[in-house]
Amino acid sequence: MPRRTLRVPPDQDLVVFGATGDLARRKLLPALYELSIQGLLPRRGEVVGTATRELDDAGFRAFAHDAVAEFARTGIDEDAFATFAKRLRYVPAVTDPGPKLARVLRLPRRIVYLAVPPSSFAPILQQLKESGLSRGSSIIIEKPFGHDLSSARQLNQALHRNVPEERIYRIDHYLGKETVQNLLVFRFGNTLVERIWNRDVVSHVQLTVAEDIGVENRGHLYEETGALRDIMQNHLFQLLALTCMSPPSSFDPEALRDEKVKVLQSIRPVAPTEVVRGQYTRGSVNGKMMPGYRELDGVSPDSTTETYIALRLAVDSWDWAGVPFYLRCGKALVTRRTEIMLFCRDVPLHLFEGTGIEALQPNRVTIRIQPDEGISFSFVAKEPGPVVVEQGVRMDFSYGQSFRTEPAEAYERLLHDALLGDHTLFIRQDETEYAWKALQPVLDDMPAIKLYSAGSEGPPEAQNLMLTGSWHTLGHHSQD
Ligand code: BG6
């Protein structure tokens, strides 16, 4: 994980299946362009797009130009784009593109990005095998890695028939976020933090991925997914693993992933009774009316797909036994916010009793993954004056104020790492399988949907999951 110098990856070609799709347009092409500007693409190597659209090289370059102009983090510089565009090639995939690709790809090492729906993985892998391209190829795939435990196992077996695990990169873009990587530096680079990070001090933990956008035009796709598969099983469980893992013996990729696996393996299978599934109805978000989920194109009028899920779980490890973890994610909520909050235990004695101070707010550590990236520590202080009046105050670190540089996009970091052959920030086979395993009882017996209005905090029933305290209110600023 720690990188002191930025290395140029070894020579290799990069093939992107689904090269004219949304992911390529919004994320992959702009990220590759940014890497090109920074001199972080291989010295030699083509970027070959393939998709069903009938384009030639010039047509694909024009497509990439528009994508970069619209989505690149630093905007488009025409000269820099011209340099990048020299690498771009296109192979239409109307029928089997394997033989054509074999003619274009000249380098012995290559990496293949499957930016396509999972149903296309197996046929593409087969085509690569038949055209002799599997040899020397690494594969990058996007979540969802299966839709339950057994399909995840099948997918992993299908991948392994073509490519060994050491050449598979499963992307969870949350791991490419600066603030997520900083969790490890915060935890393992600070003695004070290390001392409090366990059941002795922490009473419970809340992890939240709240979005204020709805499902928009992805209704058809989302019907097959839902919040559990879209965010809980991957992004939230990865945040949980990084929050709970023990220090690895080194930052070697396998040592780090071993520690994450131990956490995922220690999650007690989640009971359906400890889960609340919600779905948004029409409502106002940030002053704008949003149609309800069931009103969207491609969504059944009696859909029971969840756009929100909250759950309580236990991590049966030495450090975290007895600490409840509350996880929630949802669309069309009152605000966009991803954060991890650790609530500390009450002080052992209330020495201020009789001084007018009723109850002391327990200390709290908040890691703001996005937006307003930062970390804060809340504690109580005496308000100045002749009588003892307690007041909650906060120490705050803000990325924006402390570091004045623009963080790289998650996909820049992840693509660069994959080109370097560094697996640290990618999901290993066992991680995804253990995460599914913990959630399988819920998939087998999905609790009924509770409705919530778009622009709200989610279904009020989520409150019933709390053993003590309550969910941190999303409508408040997270520093409150
Ligand atoms: C994706 C989900 O993985 O993450 C989307 O499929 C979600 O539904 C997105 O909107 C959120 O990503 P971010 O980086 O905006 O938090």
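What counts and how
- Residues numbered from 1 in each chain as written.
- Predicted model: local features only at pLDDT ≥ 70, side-chain atom pairs only at ≥ 80, totals over all residues.
- Heavy atoms only, no water.
- Helix = DSSP H or I, 4+ residues; strand = E, 2+ residues; numbered from the N terminus.
- Rg over C-alpha atoms; globule rule 2.2 N^0.38 Å.
- Buried < 20%, exposed > 50% of the residue type's maximum accessible area, 1.4 Å probe, protein only.
- Contact = heavy atoms within 4.5 Å.
- Lys, Arg positive; Asp, Glu negative; His and termini not counted.
- Charge placed at Lys NZ, Arg CZ, Asp CG, Glu CD.
- Near = heavy atom within 4 Å.
- Polar contact = N/O pair within 3.5 Å; in protein donor to acceptor, adjacent residues only side chain to side chain.
- Areas by Shrake-Rupley, 256 points an atom, 1.4 Å probe, with all protein chains shown as cover.
- Nonpolar A, V, L, I, M, F, W, Y, C, P; charged D, E, K, R; others polar.
- Phe/Tyr/Trp six-rings, centres within 6.5 Å; stacked < 30°, edge-to-face > 60°.
- Lys NZ or Arg CZ within 6 Å of the ring centre and 35° of its normal.
- Pairing = 2+ DSSP bridges.
- Patch = residues over 30% accessible without salt bridge, like charges linked within 9 Å, V, L, I, M, F, W, Y side chains within 5 Å.
- Salt bridge = Lys/Arg side-chain N within 4 Å of Asp/Glu carboxyl O.
- Core = buried A, V, L, I, M, F, W, Y, C linked by side-chain atoms within 4.5 Å.
- Axes fitted to C-alpha atoms, helices over the stretch in contact; angles between N-to-C directions.

A. Quick peek at the overall build of the chain. What the chain contains, in helices and strands, is 14 helices and 17 strands. A compact globule built from 480 residues would reach a C-alpha radius of gyration of about 23 Å, and the chain, at 24 Å, matches this within 12%. Each of the three principal axes of the chain carries a C-alpha extent, and together these read 85 × 55 × 45 Å. Going through the 480 residues of the chain one by one, you find that 53% of them count as buried. Residue pairs at least 24 apart in sequence account for 78% of intrachain contacts in the chain once pairs closer than 6 positions are excluded. Computed over 55 positive and 62 negative side-chain charges, the inter-centroid distance for the chain is 4 Å.

B. Inspection of the site of the ligand at higher detail. Every residue close to the ligand is listed here: Lys143, His173, Tyr174, Lys177, Glu211, Arg218, Asp230, His235, Lys331, Arg336 and Gln370. The side chain of Lys143 places a nitrogen or oxygen atom 3.1 Å from an oxygen atom of the ligand. One nitrogen or oxygen atom from the side chain of Tyr174 is found 2.6 Å from an oxygen atom belonging to the ligand. Notes on the ligand: free accessible area 400 Å², of which the protein chains cover 78%. Of the residues that constitute the shell around the ligand, the class distribution is 1 nonpolar, 3 polar and 7 charged.

C. View of the packing of aromatic side chains. Overall, the coordinates contain 17 aromatic pairs when judged by the stated rule. Arranged with centres 5.6 Å apart and planes meeting at 70 degrees, the rings of Trp320 and Phe325 form a pair that is edge-to-face. A residue is classified by how much of its surface remains accessible, and Trp320, at 1% relative accessible area, is buried. On the basis of relative accessibility, which here comes to 0%, the residue Phe325 falls in the buried class. Ring pairing ties together the aromatic residues Tyr222, Tyr280, Tyr293, Tyr308 and Tyr452, which thus form one cluster. Across from the ring centre of Tyr174, 4.6 Å away, lies the NZ or CZ of Lys177, which sits over that ring.

D. Structural view of unusual backbone geometry. Cis geometry marks the peptide bond from Lys143 to Pro144, where omega comes out at 5 degrees. Cis geometry marks the peptide bond from Gln370 to Pro371, where omega comes out at -15 degrees. By the secondary structure assignment, Pro371 is in the loop between β14 (364–370) and β15 (374–382). For Asn286, which is not a glycine, the phi torsion comes out positive at approximately 50 degrees. By the secondary structure assignment, Asn286 is in the loop between β9 (283–285) and β10 (288–290). Phi at Ala332 is positive, roughly 55 degrees, even though this residue is not glycine.

E. Main features of helix α13 (residues 410–420). Burial within α13 is extensive, with 11 of its 11 residues counted as buried. Among the residues making up α13, those that are buried are Ala410, Tyr411, Glu412, Arg413, Leu414, Leu415, His416, Asp417, Ala418, Leu419 and Leu420. Among the structural elements, α1 (22–37), β4 (110–114), β5 (137–142), β6 (168–171) and α7 (178–188) are those in contact with the buried residues of α13. Just downstream of α13 lies Gly421, where phi reads positive at about 85 degrees.

F. Representation of the side chain of Thr50 within the structure. Structurally, the position occupied by Thr50 is in strand β2 (residues 47–51). Owing to a relative accessible area of 1%, Thr50 belongs among the buried residues under this scheme.

G. Quick look at the pairing of β14. Counting buried residues along β14, 7 of its 7 residues qualify, which places the element largely inside the surrounding structure. Pairing of strand β13 (residues 337–344) with β14, which is carried by 6 bridges, proceeds in the antiparallel orientation. Bridge assignment links Met341 to a residue of β14, and that residue is Thr366. Relative to β15, β14 is paired through 5 bridges, and the arrangement is antiparallel. By the bridge assignment, Val365 is partnered in β15 with Phe377. What sits between the antiparallel neighbours β14 and β15 is a turn of 3 residues, in which Asp372 has the positive phi angle 50 degrees.

H. A look at a nonpolar patch on the surface. A cluster of nonpolar side chains, contributed by Leu349, Leu351, Phe352 and Val388, occupies part of the molecular surface with about 410 Å² of accessible area. For Leu349, a relative accessible area of 61% translates into the label exposed.

I. Inspection of the nonpolar core at higher detail. Ranked by size, the top nonpolar core spans 136 residues in total, and within it Phe237, Leu313 and Phe325 carry the most contacts. Per-element accounting of this core gives the leading share, 11 residues, to helix α10 (residues 226–244).

J. Local environment of the environment of Leu107. Along the chain, Leu107 turns up in the loop between α4 (98–104) and β4. Taking the C-alpha atoms as reference, Leu107 lies 73 Å from Val388; in sequence the two are 281 residues apart. Sequence-distant contacts of Leu107, defined by excluding residues within four places in its chain, comprise Asp11, Gln12, Asp13, Arg44 and Gly45.

K. Broad picture of the sheet that holds strand β1 (residues 13–17). Pairing is parallel in the open sheet, where 6 strands are placed in the order β3-β2-β1-β4-β5-β6. Bordering the open sheet on either side are β3 (88–92) and β6, each of which pairs with just one other strand. For this sheet, the mean angle separating the axes of adjacent strands, direction not counted, is 20 degrees. Pairing of β5 with β6 involves 4 bridges; the strand directions are parallel. Residue pairing in the sheet places Ile140 in a bridge with Tyr169 of β6.

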